[in-house]
Amino acid sequence: MSQTVTNTDFNFQGQTSVYHGKVRDVYTINDDIMVMIATDRISAFDVILPKGIPFKGQVLNQIAGYFLDATADIVPNWKIESPDPMVTVGYKCEGFRVEMIIRGYLTGSAWREYKAGARELCGVKLPEGMKENEKFPQPVITPTTKADAGHDENISREEIIARGIVSKEDYETMEAYTRALYERGSKMAAEKGLILVDTKYEFGKRDGKVILIDEIHTPDSSRYFYADGYQERFEKGEPQRQLSKEFVRQWLIENGFMGQEGQTVPEMTEEFCKSVSERYIELYEHITGKKFVYSDDNVNVAERIKENIEKCLVRLKK
């Protein structure tokens, strides 16, 4: 199997902190620059699965970079450069404790709640009589609190402002940016024969300005349907063809795992990991319209990452 990078333990000059997330390892330099490494870890149901997926980190990093560059004219973002296929280097921002989820279609957890009788989600009223995978009259924003551990929780716009989690002014800016990003992402997806079903954005603040941070429009943060056949499948009540991480969740569910206590992650065979890798690469090529360029597998990938980051940090000092 191709090399996978599932953990990093670097110590860069000027390093002031390091954070190991579910998928990304984030190194802070001089409390000002952030080095974000997209590892090959994969998570589902808030659980990091025991094996890495070849080239997943590269796919996520390069899709995120592609969309950060493609939306920089409408929303300022944190990215400075991408010195390695698995790395983005950017400005440190003070992150808001809220994730902005925007949904264009009734699916996933929103559908499960709707099916159970809910007609309001995060303070947003939902129309009666909707079906699974139906397009909303207007995209709806359903924020969640950003938890350090465990599950994120749904929260309304009003509660976010009332509790002082985000100021009214900053929240309205985040909301406007979220709608503009989703509109741009939807148009770009449509050009490639895809539907951007739902996605999430994270924002922070730097020098008094609201800045887009983290990844955007990747299969880890978004759900895509194939546009071809969408209407026919919807009318027949059939599942949509998806280009997202949902197939991993489905595989886990079918094998008796939903992240609950006492459940065991099913065996991730080499064949399964390879098939997941192929799906991620398929999404990269489909959403960007570019051929995926495999990074050199003959080198020590961790060493390559370290060297490329160190060269970048030297450049940024000048």
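Residues numbered from 1 in each chain as written. Predicted model: local features only at pLDDT ≥ 70, side-chain atom pairs only at ≥ 80, totals over all residues. Heavy atoms only, no water.

1. Regarding the layout of surface pockets
Convention followed: Using protein atoms alone on a 1 Å grid, points that fit a 1.4 Å probe yet trap it form a cavity, whereas open point sets bounded by protein on both sides within 12 Å along at least five of seven lines form a pocket; residues with an atom within 4 Å of a point count as lining. Grid points are joined across faces, edges and corners, and a volume is the space filled by probe spheres set on the points. Going along the chain from the N terminus, every DSSP run of H or I of four or more residues is numbered as a helix, and every run of E of two or more is numbered as a strand. Each residue gets one of three labels, nonpolar for Ala, Val, Leu, Ile, Met, Phe, Trp, Tyr, Cys and Pro, charged for Asp, Glu, Lys and Arg, and polar for the others, Gly among them.
By volume, the second largest pocket amounts to about 290 Å³. Residue lining of the second largest pocket: 16 residues in total, with Lys135, Pro139, Tyr182, Glu183 and Ser186 positioned closest to the centre. Put simply, the parts of the chain that give the lining of the second largest pocket at least two residues each are strand E8 (94–105), strand E11 (135–141), helix H4 (168–191) and strand E14 (194–206). Looking at side-chain class alone, the lining of the second largest pocket contains 10 nonpolar, three polar and three charged residues.

2. Some details on empty space enclosed by the protein
Taken as a whole, this structure holds three cavities of 30 Å³ or more when the rule is applied. Taken together, 12 residues form the lining of the largest cavity, with Gln3, Phe55, Met86, Ser295 and Val301 sitting closest to its centre. Along the lines of polarity and charge, the residues of the lining of the largest cavity split into four nonpolar, four polar and four charged. Lining the second largest cavity, in full, are Arg24, Met36, Ala38, Asn61, Ala64, Leu68, Trp78, Thr88, Asp214 and Glu215. In terms of residues, the lining of the second largest cavity owes the most to one element, helix H1 (residues 56–71), which gives three residues. Along the lines of polarity and charge, the residues of the lining of the second largest cavity split into five nonpolar, two polar and three charged.

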